[in-house]
Structures are given as structure tokens and as C-alpha cells.
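Analysis of the macromolecular model
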Amino acid sequence: MPKCTINGKEIEVKEGTTIIEAMYGSGEQKGEWPAGKVAHYCWHPGLSVAGVCRLCMVQIEGNPRLQIACNTVVTEGMKINNTSDAVKDAAKWGLDFHLINHPLDCPICDQAGECGLQDQYMEFGKYNPEMAEKKVKKHKVVDLGPTVVLDSERCILCSRCVRFTEEVSKTNELGIFNRGDRSEIGTFDGKPLDNKYSMNTVDICPVGALTSKDFRFRQRVWYLKDSNTICNGCSTGCNVKVYFNREGFFRVKPVYNEQVNGYWMCDEGRDVYKFANRENRWLKAKKRTSAGWEEMQPGAAAKEAGMVAKSAGANAALVLTGQYTVEEYEAIISNFVNELKSKNVFHWMNMPEKAEDFDGLLLRGDKNPNTKGLLQILQKYGISTKWSDLTAGLASGTIKTVVVAGPEIQVQFPDMKDKIKELSKAQNLIWMQSGKNSDLEALTGNVWLIPMKSYVEKDGTFVNYAGLAQKFKKVTTVISEALTLAEAGDLLVGKMLAIKPEPNVFVEAVRPPDRVVVEHRKKNEFVYRRGTL
Amino acid sequence: METKLLTEFYHLDEFRTLPGYQKQGGYEVLKKALKMQPQQIIDEVKASGLRGRGGAGFPTGMKWGFLPKNNEPRYLLCNADEGEPGTFKDRLMMERAPHQLIEGMIISGYAVGSQKGYIYVRGEYHYPISVLRKAVEEAYAAGLLGKNILGSGINFDLDVYSGAGAYICGEETGMISSLEGLKGQPKLKPPFPAVQGYLRKPTIVNNVETLAAVVPIIKDGAAAYRKFGTEKSAGTKLFSLSGNVVRPGNYEVPLAYPLKDLIYKLGGGMKPGRKLKAVIPGGSSAPVLTAEEAEKVNLDYESIAAAGSMLGSGAVIVIDDSQCMVDMLGVLTHFYHHESCGQCTPCREGTGWLNKIVHSILEGRGRLQDIELLIKVADNMKGRTICALSDAAALPVLSFVTKFRDEFEYFVREGHSKVRGVRNAEMHH
């Protein structure tokens, strides 16, 4: 374990650690640059060393030449600093070299506000540009593939994206074509950047060269708040950051977690925010009457549906998908078992034949974030039902009322139509889920549709494929009247609901801690206030 | 007078064929070498003081010594990607004496324990490639290459590989990338090629002239080789003399030969009525010397380094008083801008920037601060990149601008060349 001194701070590192890794920090301090920041573009902790941006210059005592921190291994007693004038000068000029042919189109660039060039120039820049010649012209708005657009003029050729497709996705779509200052990122003809992880290239692009087709021009990043959560797209449980404002959610980016997803996430997971957005959600509960659908407050609907469920008692069945939190399963199953004395709890598994699939990187065939968690709770209550029991029960009439906790990501449930058809045979159907569904809305008979909270609107725990329980915090509220499964469970068995006032991210005033009934909750909590963003 | 250690029989056309080469004692040294121990050969080369003839002048024996001492397969690559502007010695050697190079490579391969060699030839060298390929065929047919060379139990295979016309592939790791089938870009060091080179195996890369020089060293011994040159610059070297001299060409002289003599005695001096203005002593990357500096230096590593330039590849470019230094620098910056591989930012952007500044001066749009800016940009390109191309682009700029500042200032002020006058102001378009 060699010890070195970086900017006067003694640091002990593992054998083979490079200077930049030592400076980046490890363990709890990873990414915090405990001994001072060093300018860098091409180096990325999740990729191999390219050593081409030449910004991470440091001075090593006893070495007349400046060395790059990313390719120099720390040796015992090494004395390193990056605060000397020589190093600062090298970084200043290094940044200027990056910028001389950069279009400086920040006002129309999507990366503005979170751009490596802006950030590092503020910190290390020269501030008196001397370039007076014409800039190099390159291709703009290059369609690299279904998810990513390239602006070659903005590109600083750090080669992170090329190394990503080489080393992580192993799809090798990207390369650097031509040479010198005519170099451009590109793909081979007829082989676009099209893989399941392609949007990571946008994340690691330090400038606005690679932009996401999904996100570009939709929001300026300084109008977005972000918050960490767990992706609910599959059973891997990637740690992610969601970006949102009062207009809804806009994008998802990965958050480093060594145990789960490293630095990356898949493209599929980047779409899940859409299911939480208002336009795809049920805003009100609905009850089918002879006159058609009658809109209700979700809480009232759950209470009313609860009468039906209660009267069914042991003849009520509960169908659960693996898309809710452990806490919610616990609450609703305990209510079913203890209050209704029904052990008719069924697990609706989508695509069970693919459940064990794994692409070797992150994507898993089980498209539920919490299948493991559900199975644990079912086991806890000694429930081991089969779907055929439900089918039989519906046919024989022993199951009269079915309560369904439907999926949040309906696209991952190819059997959605079939299940709706099958379950609608019950006398009473109480279907709870967050997103709209036209098949459900076409049902007749005794049907209640109750809107649920999405994964970003509640606290909870997901247990991933490996049995790792990951707790996450509520991000914000989109549909304030929607219920969590736990709340719905209480209401369904006739309990009154005591709602603890939730700390609200948008409203400063703390609501008095009185007993609030669901119906009276504040309507729209998406209040945009300047100052906080 | 030339000292023809390598080029003695270059005037004979038949010297390029196997029988012609053998008639002059060819492959006798190989027989001698195969009776020696590999370490003996390495020691002999070390003792000879032979330094790399490609440009960097790194001691050859020491380079060989960096190889790991084990039985791991290793490669011997001959760098024949002779791209340094002004240099044309390797071409002559390959055209006139391909077997000399092959013999040198077999001996070197045996010494470093390599069983496979490649000659990476500059893509534009169609004729040398065809000569080399023919010679390699002849050598295979005669049992000088392949398995069990001359019944010694030693194996050595040799291939001739044609580059595709990139200057950067003359940089040893760039060449290795290119040989591996990748884009010809230098690799990050460490690891150095001797540890991890071609196909991630230990690799030695030597210049054509270096490998050929192994033949006379083993033939007559290190001491005989050391008779020529100085303590630190031993032996003879080919110099490619070009530019405004009466008799340009390749000349083999002992190191430490006076540059003045090369120009005036061997090269026949300046053309009538012309005066020496400047000399680039070691290929276009070497800082230019003024006439006064040039007349004092000797052609060896120390003397030229003391004068602030480099012996480099031994390409001596002579510039007389009819040449405009701004024009010349325009040619050079254009070359380096064209040839930068684009990997490292300071070089990729800097070479283009320098070229644009020099050309805006040439087009009469120059500003006085541009001269200072050229120096600043070049200064900040120096020593900041993976390979030496950035330095190679920066050094001529620094030396041209500082040593011939008056010509640059005149051009900026007047909008035309001090030497050419207003005539042909649009020469560069």
C-alpha cells in the first residue's frame, strides 16, 4: 500500500492506483476529490485510460516534465502537486486548445449548465482567448442511431464514447474517423449506434456533442431538480437519478453503485420515467355504474370498494405484481390475511419464461423491480398459491371479488389484455394501478379503477434479483390523490387512514400535523418556485 | 571524403541481388554471428556505441537490454516508414542493399531472441518494397530465412509490410498500432514496446540504418566501429543532403563530420551567387540553425544538441538567401497539421492553429501579436503529448520565429515577403 502526498495531503492507496484515481478518492469519498480537483476530460473511472486530453497534468517531485495523472501509477513516497504555476498554465492552455475549434454555442446547446467545458473552464480556464482564426467546420446534427445525435463541432474527441462501445457494451459501433483537427466521431455506414446501453455515451460525453434524442431541447438543465431513486424497470435495481420539474419527469441517469450497476444503466430503464408522468396516469378513481363511468376521489373509491371486499371476506382474492415495494406488500397482505381472513393472494408474473434471462451486463429478463421482495412477503405469510387456483376459483364462483395491484410499467406485461379478460370474470373487480389502460376502461360490470402512486412518489424498499434490499426515498408527488398500495389496503378493509404529513419538496410551509383524509389532500403539489432550483 | 562502411558497394547494381551481395562477402557476418552467443552480440552492439539512426538517437544496445529476460515470444520490427521531410537514406539502403538490412535483422533477431520480424515500409515507397520483397524471397530460397537458418537451429521469419502513407506511423508505437491493423496512432507509454509492444508482446523497433549497421559492427568488432565518430556518437551515418546545394544526395560520413564540409565539400556548396542562410540539420522537426551556427557545428549528437538542435534522422536541409523563411514555415506547419493523428488535444488543435496563424501572415492578414502567439502556442504544445509529433511541430516554429523574427515582422508589417518582395504574393494558393 504505497503512500503519497498530493497537494500536501497524505494519501494511502492500493498498489497500482494511478494519481488521478488517488485524487478522485475512494470508498466513501469516491468522486469528491479530497486532495483537490484536477482538470480532466478523457479519463472516466469506468473506462480504460486514453491519456489524450492532456489536462490532468501534475507535477511530481524529482521529475522535470509534467506528467498526466491518469497514466502515472502512484509509487511509495511520491510527492504530487497540481497547484503550481506550471501545472495551472498547462491546464489553462490545455483547455484553450480544447476550445479553439469549439463552436461556443452554449445558448443553444443542451449540455449547457452541466457541461464539462463550462465547468472546468470556470475553474481552470485562461479567460483571455487568443484564437483569432476561422474555426474548423464539421458535421452537425449527425443521426448516430435511434437514441443519440452527434454534433461533431462540439466534440472534443476525448474518445470516452468510443471506449464505452468497445469496453462496456462491446458493440464497437463508434470510431474516430480522419485525423488531426479533421477527426470526427462516427459510425460505419449501415451500422448505427444501436445497442441496449447506447445512452450511456450521452452521460459520459463531457460536452454537448452527444445528445439524447429523447431529452434534447425539452428542458434547460437548470430548470430541473434531481433526486436519487431505484430504477423499477427490471430486477437489477440500478441506482438512478431522476430529473424533474413542475412539468413532470424528463430523464433518468445512472448513479454509481459498485454492487449493483457500476456507472451504467440500460436504455430501457431511461424510459420508465414516462410512466410516472401526469399525461400517462389516472388522475381520478372511476366506478362503473349503469350510466357509465363515474369519477370519484381515489380514497372514497377505495373505501366503497372496501365494502365489497369486506363482504366477500375469504372469497376475496388479491393479485399482486412485482412492481410495488416490500412495505406495501406487507401492509396489504397482512390486511387481507388478518382482516379479511383470505389467503387468496396470487402472484402475477409477467413473462415467467424469461425471468432468468441476463445479458451479461445489467439487463435482466424479470422486468419487475421487486419480485424477490414479493416472494419473501408471500413466504412470510405462508402463501403458496398457483395461478390455476385463481382460475378455478373464478370458474367455480368461490372467488367473488378480485383486487388487483396492476403493473406500473404496462409495456412489460404482454399478457395484460388476457389477464384483464380473465379477471373481469369476477363479480367485483377492483383494479389499482398508476397508468391509464383502455382495456380496463372498456370493462362493464362492477369495476373500480383506483389510481396508485408511482415508484417516484413513495418511500420503500425493492429487493433485487440478488436479494439485495435497496431503500429509496420519495422523489416528489405527481398525483397527490393517488394511493400507495398500503393506503389502499387499509381503506379496502375499512380502516381509517391516518396520513402523516409528508415533507414536501416544493412547498416551504410545513403543513400542520393534523389527521388528513385522502380526499382532502392538497391538489397539485407541483409548485414551481424560482429560488430553489 | 565519404567513409563508406555501409555504402561501399552501393554503386554496384548486382549488390541488391543475393549472388551480388554474397560476392562482396554478404551473409558471412551472419555465419560468424550464429557461432556467437546472443548476449555476446548484444554486448558487442552495446560496446560499439551504436545509437538509433531513425531520429531519437537512443543507444541500440540499451534498448535491446530492456527486453524481459525470459522465453516469451518477441518481435523485431524494422522501422522503414521514412517520412521525416528531408530524409531519404533508408530508401537508398533498401533499394541498393536490401540484403544488408535482412542480414542485419537476422543477426539482431538472433541476438534479442526474436523469431519473427517485420519491415514496415513507408507506403509511398513502392520500388523499395518490391526490391525488399524480392530479396526476402531470395533469402528464403537460400535458407537464410525461415526454419533452421544455415543449419544452426535458429529460426527467423521476415515479412515486408507496406504502410499506408501516414507520417505518424513512423513513430514506433504508431507503427505498432498500424501493423496490428489498427488506426495508426501512437500508444500511451508506459508500457513501452520492449515490455508490451506488437500484439502486446515484447517488441524491439529499430531503424533501417541501425539494423544494417549491426553487420559491420559484428564483422569487425565494436572497437573498429568506434574508430569513427566520437565517444558518444560512434560510427558512421548516412546524411541526406537536400535543398539549395549544388550536389544534393546521400553521403555516408563518420559522425562528428563538420556540417560545413558536408555542405561545401561533399555537397559542392551553394549555387552561384547564393549565400547560406540557414540549415535544418536533422529533418524538418529539428530546430533550424542560422548560417553562423551551422558553420560551427559537427554532425554528431552532442555538437548539434549544444547548438540547440537535433541530429535527428540526418536530413540536412540547406536554405539559401533566396528562400523566404515565412514561406518555409508555412510548408512545415501545413505538413504537421496534415499529419497530426488527432489523438492528443494540444497537437490536434495546436498544429492547426499554428498553420492558420502562419498562413494568415502569408496571406497578408497577419497581426504583430501573431508572432508572439506563435511562440506561446508552440511552447504549450511542447512535451504535453503522447508522442513527439507535437514537439516536432512546435520546435521549427519556435526556431524559425525566434531566429528569423525580422522576416516575420516584415511580412506582417508590409503584407509581403521580405525576400520575395511583392512578387507572387499569392504563392500559397
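Residues numbered from 1 in each chain as written. Chains lettered and ligands numbered in written order. Predicted model: local features only at pLDDT ≥ 70, side-chain atom pairs only at ≥ 80, totals over all residues.

A short note on the overall build of chain A
In terms of helices and strands, chain A carries 13 helices and 22 strands. Dimensions of chain A, computed from the C-alpha atoms along their principal axes, are close to 85 × 50 × 50 Å. Relative to its 533 residues, chain A shows a buried fraction of 46%. Contacts in chain A between residues at least 24 apart in sequence constitute 67% of all its contacts with a sequence separation of at least 6. (Helix = DSSP H or I, 4+ residues; strand = E, 2+ residues; numbered from the N terminus. Buried ≥ 20, exposed ≤ 12 C-beta atoms within 10 Å, placed from the backbone. Contact = placed C-beta atoms within 7 Å.)

Re the pairing of strand β20 (residues 446-451) of chain A
Residue and element names in this part refer to chain A. When you tally the buried positions in β20, you get 5 out of 6 residues, the bulk of the element. Note: strand β14 (residues 285-289) against β20, 2 bridges, orientation antiparallel. From the neighbouring strand, lysine 286 faces β20, where its bridge partner is leucine 449. Looking at chain direction, strand β19 (residues 428-433) and β20 are connected through 6 bridges and run parallel. Along β20, the bridge assignment pairs leucine 429 with valine 447. (Pairing = 2+ DSSP bridges.)

Topic: the nonpolar core
In this structure, A:Cys56, A:Ile450, B:Leu77 and B:Ile107 are the most contacted members of the largest nonpolar core, which totals 276 residues. With 9 residues, the top contributor of residues to this core is helix α17 (residues 389-403) of chain B. Other than its neighbours up to four places away in sequence, B:Leu77 contacts B:Gly117, B:Tyr118, B:Tyr120, B:Met175, B:Leu179, B:Tyr198, B:Thr203, B:Ile204 and B:Val205. (Core = buried A, V, L, I, M, F, W, Y, C linked by C-beta atoms within 7 Å.)

Side note on unusual backbone geometry
Residue B:Pro190 is bonded to the preceding B:Lys189 through a cis peptide linkage, with omega at -5°. Of note, B:Pro190 is situated in the loop between α8 (172-179) and β4 (203-207). The backbone phi angle of A:Asn178 is positive, close to 65°, even though this residue is not glycine. Overall, the presence of 12 C-beta atoms within 10 Å leaves A:Asn178 in the exposed class. In this structure, B:Leu199 takes a positive phi of about 50° despite not being glycine.

A look at the domain arrangement of chain B
All names here are of chain B. Taken domain by domain, chain B holds domain 1 (13-226), domain 2 (236-320) and domain 3 (325-414). Centre-to-centre separation of domain 2 and domain 3, based on C-alpha positions: 23 Å. Contacts between the two partners involve 7 residues from domain 2 and, on the opposite side, 10 residues from domain 3. (Domains from an automatic or database assignment.)

A look at helix α9 (residues 208-220) of chain B
It helps to recall that an α-helix has 3.6 residues per turn; residues three or four apart then point in one direction. Residue and element names in this part refer to chain B. With respect to burial, α9 is a largely interior element, 11 of its 13 residues being buried. Every buried residue of α9 is accounted for by Val208, Glu209, Thr210, Leu211, Ala212, Ala213, Val214, Val215, Pro216, Ile217 and Ile218. Among the residues trailing α9, glycine 221 stands out with phi positive, at a value near 90°.

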